[in-house]
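A look at the structure
Residue-level listing of the chains:
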Amino acid sequence: MNAMRLRRLRRLPMMGGIAAGALVVLAATPAFAHVSVQPGQAEQGSYSTIAFKVPNEKDDASTVKLEVTLPTDHPLASVMAQPVPGWDVKLTKTKLAKPVEVHGEKISEAVTKVTWTGGKIEPGTFQQFPLSVGELPEDADQLVFKALQTYDDKEVVRWIEAPKDGAPEPENPAPVLKLVKPAEGSDGHGSAASGGTDSAAQNAKAEKTEETASDSSGDSSDTTARVLGIVGIVIGIAGVAFGVLAGRRRNA
């Protein structure tokens, strides 16, 4: 009996160590990723390209559908989807309760839902779904996009909980696009527009420089040709004069 008790007592620390190790592994396991919008922020009043990043969280099922609801309190007059290979996209428009004015034109309906189907996000992978949206509101600091992620085992994960300042992140957070004040000198179309303007100016300057260099080269060539012509004439006259003088000396 004493021997058996000793063996059990010796096993207790080992079992405790295994249990503690299991707790550490569980604590170190990262939280599941969720549907998010990339990049996380954009300028107010701008037109931007955003993408919804959808990771597959399950080991035994694939994501086969994504539904994203666009905010109706700040409707977006322009929404265009970039084709995603293997996926079909549908834009659903809704009549607005209050028309919005964009560039002097009143918009009475806007896209309120975008649905992607037909493709598959396998376990351990993710997919991005890009949209071009605008004009982003100038009187809001964020836009909340509610998303539904459907798996081929019929499970639907609802990423619809809006985060709140000072509160912990909700269990199923909705994708949020932060809106910031435009940078100084921004034209509302991102840095690509200003970069294009700079490039055009540089190209025009380069063309002008090339034209000037070409004109200078042409003038230089003309001047050189004239000088060489005059030198040739002078040499020719000198040769004739030398010949005449030589002939006279022989006759003498």
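To keep things clear, this report deals only with the structure shown in the data block. None of these values were measured; they are calculated from a predicted model.

Some points on the side chain of S48
Along the chain, S48 falls in strand 3 (residues 48-55). Separated by 3.2 Å, the side chains of S48 and S46 make a polar contact. Excluding its chain neighbours within four sequence positions, the residues that come into contact with S48 are A42, L131, S132, V133 and L136.

Notes on the pairing of strand 4 (residues 63-69)
Pairing of strand 4 with strand 7 (residues 105-121) involves six bridges; the strand directions are antiparallel. Bridge pairing in strand 7 places V68 opposite V114. Direction of pairing for strand 4 relative to strand 10 (residues 146-151): antiparallel, over a ladder of six bridges. Note on strand 10: the bridge partner recorded for V68 is A147.

What about a negative patch on the surface?
A cluster of acidic residues, D59, D60, E122 and D152, forms a negative patch at the surface. By secondary structure assignment, the location of E122 is in the loop between strand 7 and strand 8 (126-134). Residue E122 is classed as partly exposed on the basis of its relative accessible area, which comes to 40%.

Reading the values: the criteria
Positions within a chain are numbered from 1, following the residues in the order the chain's sequence is written. In keeping with the predicted nature of the model, local features appear solely for residues at pLDDT of at least 70, side-chain atom pairs appear and are counted solely at 80 or more, and the whole-chain, interface and lining totals rest on all residues. As a rule here, side-chain values come from all non-hydrogen atoms in the structure, and water together with hydrogens is ignored. Comment: elements are numbered from the N terminus, with helices defined as DSSP H or I runs of at least four residues and strands as E runs of at least two. Counted as a polar contact is a pair of N or O atoms within 3.5 Å, where, for protein atoms, one must be capable of donating a hydrogen and the other of accepting one, and residues adjacent in sequence contribute only when both atoms are in side chains. Here, two residues are considered to be in contact whenever any of their heavy atoms come within 4.5 Å of each other. DSSP bridges decide pairing: two strands pair if at least two such bridges lie between them. Patches were defined on residues exceeding 30% relative accessible area and lacking a salt bridge, with like-charge contacts within 9 Å and nonpolar side-chain contacts (Val, Leu, Ile, Met, Phe, Trp, Tyr) within 5 Å. Computed by Shrake-Rupley with a 1.4 Å probe, the accessible areas treat only the displayed protein chains as cover when residues are assessed. Here, a salt bridge means any side-chain nitrogen of Lys or Arg that lies within 4 Å of a carboxyl oxygen of Asp or Glu. All tallies of charge rest on Lys and Arg as positive and Asp and Glu as negative; His and the ends of each chain are not included. A charge is said to be at NZ when it belongs to Lys, at CZ for Arg, at CG for Asp and at CD for Glu. The rule is simple: take the accessible area with a 1.4 Å probe, protein chains only, and divide by the maximum for that residue type; under 20% is buried, over 50% is exposed, in between is partly exposed.

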